[in-house]
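What the coordinates show
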Amino acid sequence: MSTQLFEQVDFVENTVYEQVITSLLDQKYAIVDDFFTAEEIEELRQSLKMVYEADCFKKAAIGNKFNEEIDKSIRGDFIKWINEAEGRAEECLFFSKINDLVAYLNRTCFLGILQKEFHYAVYPKGTFYKRHLDTFQNDSRRKLSMVCYLNDASWLASNGGELTLYLPDETGEQALDIIPRPGRVVIFESQILEHEVKPVLNSERLSITGWLKTR
Ligand SMILES: O=C(O)CCC(=O)C(=O)O
Ligand SMILES: [Fe+2]
């Protein structure tokens, strides 16, 4: 009779999540272009637009929820936090995918992600978010930053609004410009990588941004 040292539980390897883990370990960021299907992105974009048109967004502030300050010379986007418990159908689907990723990360990398927070963001033409780090002086729980772009298929690289990641290297740093293509998801280490949103030159830049946090 053989004794089992470990409980056998169903584990299905997920190639997209494995790619995220490998990229995060190698380079502190991951870019995934097929995290959501085209239909899911379309639904999330419509959901953002309905909430935006209902005038629920507010000017984004710097600092955390308890220490907010609006400074348009630093960031000019409009945001609306998404409440998972009261989410619209599209938002519930969004969170089910996020929760699935979190369960996988916790299980395979012991990341200890216990909380999350996500908001819609709209960057009108002319707005930007200056170089910053996503952690606050009084709160270091943010481990991974995650941005999901909801622009439509007609989004042009010439619209600007790139996410620029500043990657430390032997000689100093290297700037990586990422075009906010529809359906693209960028995940990076909140406490390590400084980044900025370059000015939007045309159109409106739409996204969901959030953080996976430890307790
Ligand atoms: O929208 C992006 O690409 C990044 C947004 C960002 O850096 C933030 O909200 O902290
Ligand atoms: Fe940020």
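Residues numbered from 1 in each chain as written. Chains lettered and ligands numbered in written order. Predicted model: local features only at pLDDT ≥ 70, side-chain atom pairs only at ≥ 80, totals over all residues.

Let us look at helix H1 (residues 15-27). Two residues of an α-helix separated by three or four positions point the same way, owing to the 3.6 residues in each turn. With 13 residues, H1 should reach 18 Å at 1.5 Å per residue; the first-to-last C-alpha distance of 18 Å fits that figure. Remark: lysine 28 follows H1 within two positions and exhibits a positive phi of approximately 70°. (Helix = DSSP H or I, 4+ residues; strand = E, 2+ residues; numbered from the N terminus. Expected span 1.5 Å × (residues − 1).)

To continue, consider the site of ligand 1. In the region of ligand 1, the neighbouring residues are Ala121, Tyr129, Asp134, Val147, Leu163, His195, Val197, Ser207 and Thr209. Counting only elements with at least two residues in the shell around ligand 1, the list comes to strand E10 (194-197) and strand E11 (205-213). Grouping the amino acids of the shell around ligand 1 by side-chain chemistry returns 5 nonpolar, 3 polar and 1 charged. (Near = placed C-beta within 6 Å. Nonpolar A, V, L, I, M, F, W, Y, C, P; charged D, E, K, R; others polar.)

Membership of the largest hydrophobic core comes to 38 residues, with the highest contact counts inside it found for Cys148, Leu150, Ile187 and Ile208. Of all the secondary-structure elements, those providing two or more residues to this core are strand E1 (29-32), helix H2 (38-53), helix H3 (89-109), strand E4 (115-123), strand E6 (142-149), strand E7 (163-169), strand E9 (185-189) and E11. Setting aside anything within four residues of it in sequence, one finds isoleucine 208 in contact with Leu44, Phe94, Phe118, Tyr120, Cys148 and Leu150. (Core = buried A, V, L, I, M, F, W, Y, C linked by C-beta atoms within 7 Å. Buried ≥ 20, exposed ≤ 12 C-beta atoms within 10 Å, placed from the backbone. Contact = placed C-beta atoms within 7 Å.)

So, on to the sheet that holds strand E5 (residues 129-132). Reading across the sheet, the 4 strands line up as E5-E10-E7-E8 and stay open at both edges, with antiparallel pairing between neighbours. Bordering the open sheet on either side are E5 and strand E8 (172-178), each of which pairs with just one other strand. With strand direction ignored, the average angle separating the axes of adjacent strands in the sheet is 15°. With 2 bridges joining them, E5 and E10 adopt antiparallel strand pairing. Within E10, the position partnered with histidine 132 by the bridge is histidine 195. (Pairing = 2+ DSSP bridges. Axes fitted to C-alpha atoms, helices over the stretch in contact; angles between N-to-C directions.)

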